[in-house]
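What follows is each chain in one-letter form.
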Amino acid sequence: MQWLSYVDGSFERFVERYRPRVIEMNQSFSGKVGHLLSSVDPFRGAEIATLLQIDALYPKRFDACSSGEQQIVRVAYALLDRPDSIVLIEPFRHLDSFRREHLEMLLRRISGIGVQIGFTERAKESSGEMTFTFNESTTLPSIDATDVSYRHPLQATYAIDHVTVQMNEPGLTVIVGTNGSGKSTLLELLARSRRPLQGRIKRGERAVYLPADPEVGPFPKAEKRRGAQLQSVLHDPSGVLLLDEPTVDLTSGERDAFLEALQQKAKSALVVCATHDMELIQTATDVIYLANGQIVFQGDRILFQDRSTLWSHTSSPS
Ligand SMILES: Nc1ncnc2c1ncn2[C@@H]1O[C@H](COP(=O)(O)OP(=O)(O)OP(=O)(O)O)[C@@H](O)[C@H]1O
């Protein structure tokens, strides 16, 4: 299994040498996950689903899956018809670190039996210097959500289940949790782009909400646009910023620059980010940990890491 860079020519060399199928990983499917994975060979589909630990998604519609769930279903689909060589474009984006670790192991195993696997991961590129500037926020920030519950249309279970979040000081809070735990849904509710079925949400003022960007791949334009979006968020004078996976697809240089500016911004603004990014988590002042739509930890980030087995400084897999 080989990491392919857009910058050093390894991507082009791999494509020329192996003529692989290139899987863009931004494909959308209709219907249920089980139907999709059974479409080529039900037996193979079931085995791949078991290996990737997504059996539970079989009855779910693809468009009702969370970003990370969709991503892993795309990987499963790409592996269905036993390709000889394959390039996966950003296969790890949106995956929580444990799913990521697991997928890496599985891909290594598959490449061990003779399948040439290349993958891109923009976070590993060292190029792409960028500087971010910020404006201080001037208004007093506040978020006040009390006993909020939300169930997506036609879903049996609640994505957000009796959640209370009260914040009224500047700072950087990360929402952490496994794929499908409800992070994006909670941000959407706080941003008021969804209405809770129960409970109430009050906010002092307009919030800036940046959804996770669905664009992916070797598209310099999309990358530039993401950089520009992040920059404009940092310039916005609003006191409340709600950002969904802001660092996805940034190179390490871009990420360092962004995190530096975000920390400065968080001295005057209340910043809430849904993320799997360990470096972003490390810069946070506070953590909200979601499991099955419920808050199971809320408070100081250092305390969170002290108490956590999975997310402590020493045990993090990333
Ligand atoms: N548009 C939708 N329609 C139906 N169900 C949805 C929809 N969006 C999300 N869900 C479901 O709500 C639950 C929470 O999803 P959400 O996207 O909030 O999780 P997440 O923690 O942000 O996941 P990820 O880390 O993969 O981005 C999941 O079970 C998901 O399948």
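Everything numeric in this text was worked out from a predicted model, so none of it was measured.

With respect to the pattern of salt bridges
Part 1: Here the structure, examined in full by the defined rule, presents 13 salt bridges.
Part 2: Here arginine 61 and aspartate 63 are joined by a salt bridge, their closest N and O atoms 3.2 Å apart.
Part 3: Assessed through its relative accessible area of 48%, aspartate 63 is described here as partly exposed.
Part 4: Glutamate 104 serves as the salt-bridge partner of arginine 108, at 3.6 Å between the closest nitrogen and oxygen. With arginine 108 and glutamate 104 both in helix 5 (residues 97–112) and four residues apart, this pair spans about one turn of that helix.
Part 5: A residue is classified by how much of its surface remains accessible, and arginine 108, at 48% relative accessible area, is partly exposed.
Part 6: Via salt bridges that share partners, Arg100, Glu104, Arg108, Glu121 and Lys124 belong to a single interconnected network.

Overview of the site of the ligand
Part 1: Around the ligand sit 21 residues in total, of which Lys60, Ala64, Ser66, Gly68 and Thr185 are the nearest.
Part 2: One of the backbone N or O atoms of glycine 180 is found 2.9 Å from an oxygen atom in the ligand.
Part 3: Within the side chain of lysine 183, an N or O atom sits 2.7 Å from an oxygen atom of the ligand.
Part 4: When the free accessible area of the ligand is taken as 640 Å², the share hidden by the protein chains comes to 86%.
Part 5: Comparing atom positions with the cavity grids shows the ligand to sit within the largest pocket.
Part 6: Counting only elements with at least two residues in the shell around the ligand, the list comes to helix 4 (67–79) and helix 6 (183–190).

Here we look at empty space enclosed by the protein
If you roll a probe as big as a water molecule over the atoms, it shows you where there is empty space left.
Part 1: Scanning the entire structure with this criterion turns up two cavities of 30 Å³ or more.
Part 2: By volume, the second largest cavity amounts to about 40 Å³.
Part 3: Surrounding the second largest cavity, Arg93, His94, Ala212, Asp213, Arg226, Asp244, Glu245 and Val248 form its lining.
Part 4: A breakdown of the residues in the lining of the second largest cavity according to their chemical character gives two nonpolar, one polar and five charged.

Focus: helix 6
Part 1: Buried residues dominate helix 6, accounting for seven of its eight residues.
Part 2: Every buried residue of helix 6 is listed here: Lys183, Thr185, Leu186, Leu187, Glu188, Leu189 and Leu190.
Part 3: Once helix 6 ends, the next one or two residues include arginine 192, with phi positive near 65°.

Quick word on the layout of surface pockets
Part 1: Quantified by volume, the largest pocket comes out at close to 1300 Å³.
Part 2: If you go around the largest pocket, you meet 49 residues; those closest to its centre are Ala64, Cys65, Ser66, Ser67 and Glu69.
Part 3: Elements with a minimum of two residues in the lining of the largest pocket: helix 4 and helix 6.
Part 4: With six residues, helix 4 is the largest single contributor of residues to the lining of the largest pocket.
Part 5: Residues of the lining of the largest pocket, tallied by class, amount to 14 nonpolar, 23 polar and 12 charged.
Part 6: Two domains each provide a minimum of three residues to the lining of the largest pocket, namely domain 1 (2–120) and domain 2 (143–307).
Part 7: What the second largest pocket holds in volume is close to 660 Å³.
Part 8: What lines the second largest pocket is a set of 27 residues, among which Arg100, Glu121, Ala123, Arg255 and Asp277 lie closest to the centre.
Part 9: Those elements giving two or more residues to the lining of the second largest pocket turn out to be helix 5, helix 8 (252–265) and helix 9 (278–283).
Part 10: A class-by-class count of the residues in the lining of the second largest pocket yields seven nonpolar, seven polar and 13 charged.

Observations regarding the environment of serine 28
Part 1: Position of serine 28 among the secondary structure elements: in the loop between strand 2 (21–23) and helix 2 (33–38).
Part 2: Assessed through its relative accessible area of 56%, serine 28 is described here as exposed.
Part 3: Along the primary structure serine 28 and aspartate 63 are separated by 35 residues, whereas in three dimensions their C-alpha atoms are 7.6 Å apart.

Procedures and definitions
Residues numbered from 1 in each chain as written. Predicted model: local features only at pLDDT ≥ 70, side-chain atom pairs only at ≥ 80, totals over all residues. Heavy atoms only, no water. Salt bridge = Lys/Arg side-chain N within 4 Å of Asp/Glu carboxyl O. Buried < 20%, exposed > 50% of the residue type's maximum accessible area, 1.4 Å probe, protein only. Helix = DSSP H or I, 4+ residues; strand = E, 2+ residues; numbered from the N terminus. Near = heavy atom within 4 Å. Polar contact = N/O pair within 3.5 Å; in protein donor to acceptor, adjacent residues only side chain to side chain. Areas by Shrake-Rupley, 256 points an atom, 1.4 Å probe, with all protein chains shown as cover. 1 Å grid on protein atoms, 1.4 Å probe; cavity = no way out; pocket = protein on both sides within 12 Å on 5 of 7 lines; lining within 4 Å. Sits in = over half its atoms within 2 Å of the grid points. Points joined across faces, edges and corners; volume = space filled by probe spheres on them. Nonpolar A, V, L, I, M, F, W, Y, C, P; charged D, E, K, R; others polar. Domains from an automatic or database assignment.

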